[in-house]
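What the coordinates show
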Amino acid sequence: MQKHLIIFAKNPRIGRVKTRLARDMGRVPAWVFYRRMLSLMTKRLSADKSWTTWLAISPDDAPKRCFPVQHIKWMKQGAGDLGARMWRPTQTLPPGPLIVVGTDIPDIRPAHIRKAFRLLGCQDAVFGPCTDGGFWLVGLKRHGAKVNPYRKKVRWSHPATLQDCLANLKTAKVGFIDVLDDIDTLNDLKKWQDKERGAF
C-alpha cells in the first residue's frame, strides 16, 4: 500500500497567514516567513520518494500559482473545522497509511516522517506532540477498524487539543514521536532562532 504525507497549507496572502506572528512583527514579515516555511517544508519532505507528498490547500479555490511549490500532488482541504478537513483524506486518498503535518514547524525532517510511518506498522495512530498542548503531526494506519481522533469535539488551538484527540482513541494503540515546537508568535520565532544559533 502507498504511504501518504499531507502538508496542510493556507493560501499565502498577506494578512491571511500567521496572524498572531503578524501582530508582533508586521503582516509582510510574517507573510515572508510563511512563504519561506511553505517552500522549505514541501521541498524537504517531498524529496523522500518512499511516500507520496500531497499539498492540501485552503481555501479550495486558491490559485495554485500563489503557492511557492512545484512538482507535488495537490488536493483541496474542503469544508468544516480542522478535524473534518484532516479526516477527509482518509476517505478520499488511495489505500495506505497517512500522515498530516502543517507548515509552521521548521524542525521537521524526513527522519521524523520515516519514524512515524514505522510506528504505524504496529500502532493505529501516531502523534508528534507540541509543547503547547497541541500536535505537529498526526498519522493514521487506515487498516482494520476505523480510528478517528476527531469524532467528538476537539478544542483546537487549546492546551488540551492533543488530550481531546487521545480521548477519542481510548481503544486504539497510539504511539508518539519527538516533541517539536511550532512558530506562532515572535517569541516562538526568537526562541527557535536562538536554538539554531546555539547549534553552531
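Details of the structure are given in the entry above.
Along every chain, residues carry numbers that run from 1 in the direction the sequence is written. Thresholds applied to this predicted model are a pLDDT of at least 70 for local features of residues and 80 or more for the giving and counting of side-chain atom pairs; totals over whole chains, interfaces and linings are not thresholded and use all residues. Side-chain descriptors were evaluated using all non-hydrogen atoms of the structure, hydrogens and water having been removed beforehand.

**Looking at the overall build of the protein**
Selection rule: Helix and strand labels come from DSSP, where a helix needs a run of H or I of at least four residues and a strand needs a run of E of at least two; each type is numbered from the N terminus. Every radius of gyration here is taken over C-alpha atoms, with the globule rule written as 2.2 Å times N^0.38, N being the number of residues. Each residue is assigned to one of three classes by its accessible area relative to the maximum for its type, calculated with a 1.4 Å probe on protein chains only: buried under 20%, partly exposed between the two thresholds, exposed over 50%. Contacts are residue-level and defined by heavy atoms, with any inter-residue pair within 4.5 Å sufficient. The Shrake-Rupley method, run with a 1.4 Å probe, gives the accessible areas here. Residue values count only the displayed protein chains as cover.
Within the protein, the regular secondary structure consists of six helices and seven strands. By the compact-globule yardstick of 16 Å for 200 residues, the protein fits well, its C-alpha radius of gyration being 16 Å. The C-alpha extent of the protein, read off along each of the three principal axes, is 45 × 35 × 35 Å. A burial count over the protein gives 52% of its 200 residues as buried. The long-range share in the protein, meaning contacts at least 24 apart out of those at least 6 apart in sequence, stands at 66%. If you sum the accessible surface of the protein, you get close to 10500 Å²; carbon and sulfur atoms cover 52% of it.

**Some points on the packing of aromatic side chains**
What counts is decided by this rule: Working definition: a ring pair exists when centres of Phe, Tyr or Trp rings (six-membered ring for Trp) sit within 6.5 Å. Plane angles under 30 degrees give stacked, over 60 give edge-to-face, the rest tilted.
Taken as a whole and judged by the stated rule, the model has six aromatic pairs. Seen in terms of ring centroids, W51 and F117 are 5.9 Å apart; in terms of plane orientation they differ by 35 degrees. Their pairing is tilted. Taken together, the positions of W51 in the loop between α2 (27–46) and β2 (52–58) and F117 in helix α4 (residues 110–119) put the pair 66 residues apart, joining distant regions of the chain. Taken individually, W51 and F117 each receive the classification buried, so the pair is uniform in this respect. Ring geometry for F135 and W156: centres 6.4 Å apart, planes at 65 degrees, overall edge-to-face. Taken together, the residues F135 in strand β6 (residues 135–140) and W156 in the loop between β6 and α5 (161–167) connect sequence positions 21 residues apart. Looking at F135, the relative accessible area reads 16%, which means it is buried.

**What to know about a nonpolar patch on the surface**
To keep things clear, this is the line we draw: Exposure above 30% relative accessible area and no salt bridge define the residues that can form patches, which grow by joining like charges within 9 Å and nonpolar side chains of Val, Leu, Ile, Met, Phe, Trp and Tyr within 5 Å. The term salt bridge refers to a pairing of a side-chain nitrogen on Lys or Arg with a carboxyl oxygen on Asp or Glu at a separation within 4 Å.
Residues I14, V28 and V32 make up a contiguous nonpolar surface patch of roughly 230 Å² in combined accessible area. Within the secondary structure, V32 sits in helix α2. V32 gets classed as partly exposed once you look at its relative accessible area, which sits at 44%.

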